[in-house]
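Chain by chain, the residues:
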Amino acid sequence: MSVLLSNEENDRKEFLSQMNRTVASITEAISDSRAYTGPEPRELAEEISSYEILPEHGLGFDKTMANVEKSILPNFLRTSSTQYMAHLHSPALRETIAAELILSSFNQSMDSWDQSPVATETEVAVIRKLCSLYGYNSSSDGSFTSGGSQSNLTGILLARDWFCNTQLNHDVKKKGLPQNWSKFRLYTSEVSHFSMEKSCHLLGLGYDAVVKVPVDSKQKMDTAALSRLISEDKAKGNIPFCIVATIGTTDYGSIDSVEELRKIADENSAWLHADAAYGSALILSDKYSKRLGPLHQCDSITVDFHKMFLLPISCSAILVKDGSQFNTLELHADYLNREEDEEDGYTNLVGKSIQTTRRFDALKVWMAFQCQGKDGYSSMLNTCVENAAYVYSQLKARKNFEPAVEPEISSVVFRVTNAGDGESGDELNKKIRRTLIHKEGIVIGQTVYNGRTHLKFTLLNPRLTHEMLDSLLDKIENLA
């Protein structure tokens, strides 16, 4: 029985038939504009639990697909819907869905050249272009990762080892953490991503190493407070090793000042990392790229493609100003990345990554960049930013809404005020979100601002129009 794609004619025909069936089933399942049409959690769990996950005898492709068509496809969250705006979780460009089929079909592994010949050379070329886009020179380098959290972990790992090597003359790679490791401190905004704490935990420094810096009224890091906290820590004998600039906070899209943070980092011999997972795509906007600030001044940059670049999960990168810092991750193995191969021009990317086996995600970026061009991306990004500005203006104009922070990118946080400012108002806003999901098929976000429950639009879909947004605000007012 043949179950694999091969060069044999029957295998190729069967593959084509199965892929055509799959594509037809997907397009059939997206039959209306709603973001979610499935049941509530308990009923959905019961339906999925009714299947024998591993039957004694295989069902074959047709029967399995019939089950998928019955219970999986109708209950997916449709990120392509203009009625989905809950998270930094984007619709996917069609050409990048095609890229997923290609890279899954050929199943390259990005650790060594002989497992991914053209994939390796493509990733190297894409990384070179990305470094140039963000203002780095030829000494820079980068690597694709599974997402923003892994990119941040890599950046902070490089920061820790760089600091130990240059400031303490201590090689963590060989000797482990220095004796004074418990004094290490990383500074980040109080509204930054939780991967800062996770990273410090995984790197052996612990949550206590993370100093959360207050933010101003625009939810940007308060640099005066940062300087004060660093001075206080140094007086206690603590050791600043890294500052993280958030270039687009998860809730508000607020952008920290790279220029000011670079000065403070230099004054304290610290590494400056930019978590630009959200905001990084703005580099392609002809109107709003300057909002990012001079990212080339950062020692490392997290770029996330499965947010505003509109690529399928997962796809992210870590870029480093000085590519030699990746040496901290390099380790040669006779069965994988032999030194003599590298000397002869075979590039083995495993030495730049926390992962060994890794997907050819660079193909999605390559195809999206080729297909859309800078002008296509600029148009889509401008639409998203301007939609957020429009919603903010409408919220200010309507008496039943209270916006939190003027958006810099594409997130709008607000509160329905009909029930007042206390717990009754919190319950009203929570109920609105749940009702929208299960009664209307509309999925929006929820967060906390100034201690009170707020709603959130994360506007990543360039197909959204002002009329659609007006209609949604009307619907929310009517529900309230």
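Before reading on, note that the structure itself is shown above.
Note that this is a predicted model, so its numbers are computed, not measured. (Residues numbered from 1 in each chain as written. Predicted model: local features only at pLDDT ≥ 70, side-chain atom pairs only at ≥ 80, totals over all residues. Heavy atoms only, no water.)

S.K.: Teacher, can you tell me more about the overall build of the protein here?
M.R.: Along the protein, the regular secondary structure elements total 14 helices and 12 strands. A compact globule built from 480 residues should have a C-alpha radius of gyration of about 23 Å, and the protein, at 24 Å, falls within 12% of that. Each of the three principal axes of the protein carries a C-alpha extent, and together these read 70 × 60 × 45 Å. Counting the 480 residues in the protein, one finds 50% classified as buried. Contacts spanning at least 24 positions in sequence make up 71% of the contacts within the protein whose residues lie at least 6 apart. When the accessible surface of the protein is totalled, it reaches about 23,200 Å², and 50% of it is carbon and sulfur. The distance from the centre of the 50 positive side-chain charges to the centre of the 64 negative ones in the protein is 5 Å. (Helix = DSSP H or I, 4+ residues; strand = E, 2+ residues; numbered from the N terminus. Rg over C-alpha atoms; globule rule 2.2 N^0.38 Å. Buried < 20%, exposed > 50% of the residue type's maximum accessible area, 1.4 Å probe, protein only. Contact = heavy atoms within 4.5 Å. Areas by Shrake-Rupley, 256 points an atom, 1.4 Å probe, with all protein chains shown as cover. Lys, Arg positive; Asp, Glu negative; His and termini not counted. Charge placed at Lys NZ, Arg CZ, Asp CG, Glu CD.)

S.K.: Explanation requested: a nonpolar patch on the surface in the structure shown.
M.R.: On the surface, a nonpolar cluster with roughly 240 Å² of combined accessible area is contributed by I48, I72 and F76. Checked against the element boundaries, I72 lands in helix 3 (residues 60-72). (Patch = residues over 30% accessible without salt bridge, like charges linked within 9 Å, V, L, I, M, F, W, Y side chains within 5 Å. Salt bridge = Lys/Arg side-chain N within 4 Å of Asp/Glu carboxyl O.)

S.K.: Can you help me understand the sheet that holds strand 3 (residues 184-189) in this one?
M.R.: Strand pairing in a sheet is mediated by backbone hydrogen bonds. Such pairs are either parallel or antiparallel. Strand order in the open sheet made by the seven strands is 2-8-7-6-5-3-4, with mixed pairing throughout. At either margin of the open sheet sits one strand with a lone partner, and together these are strand 2 (141-145) and strand 4 (210-213). Neighbour to neighbour, the strand axes of the sheet diverge by 20 degrees on average, direction disregarded. Where strand 2 meets strand 8 (residues 316-320), five bridges bridge the pair, whose relative direction is antiparallel. Note that in strand 8 the partner of F144 across the bridge is A317. (Pairing = 2+ DSSP bridges. Axes fitted to C-alpha atoms, helices over the stretch in contact; angles between N-to-C directions.)

S.K.: I would appreciate a short explanation of the packing of aromatic side chains in the present structure.
M.R.: The description of an aromatic ring pair rests on the distance of the ring centres and on the angle between the ring planes. For the coordinates displayed, the defined rule picks out 13 aromatic pairs. Ring geometry for F163 and F184: centres 5.7 Å apart, planes at 80 degrees, overall edge-to-face. Here F184 lies in strand 3 and F163 lies in helix 6 (residues 148-167), a separation of 21 residues in the sequence. Each member of the pair, F163 together with F184, is buried. With centroids separated by 4.9 Å and ring planes inclined at 70 degrees, the aromatic side chains of F414 and F457 adopt a geometry described as edge-to-face. In this pair, F414 sits in strand 10 (residues 411-416) while F457 sits in strand 12 (residues 452-458), placing the two residues 43 residues apart along the sequence. The class for F414 is buried, based on a relative accessible area of 0%. Among the aromatic residues, ring-to-ring pairing joins F144, F305, F309, F369 and Y377 into one connected group. (Phe/Tyr/Trp six-rings, centres within 6.5 Å; stacked < 30°, edge-to-face > 60°.)

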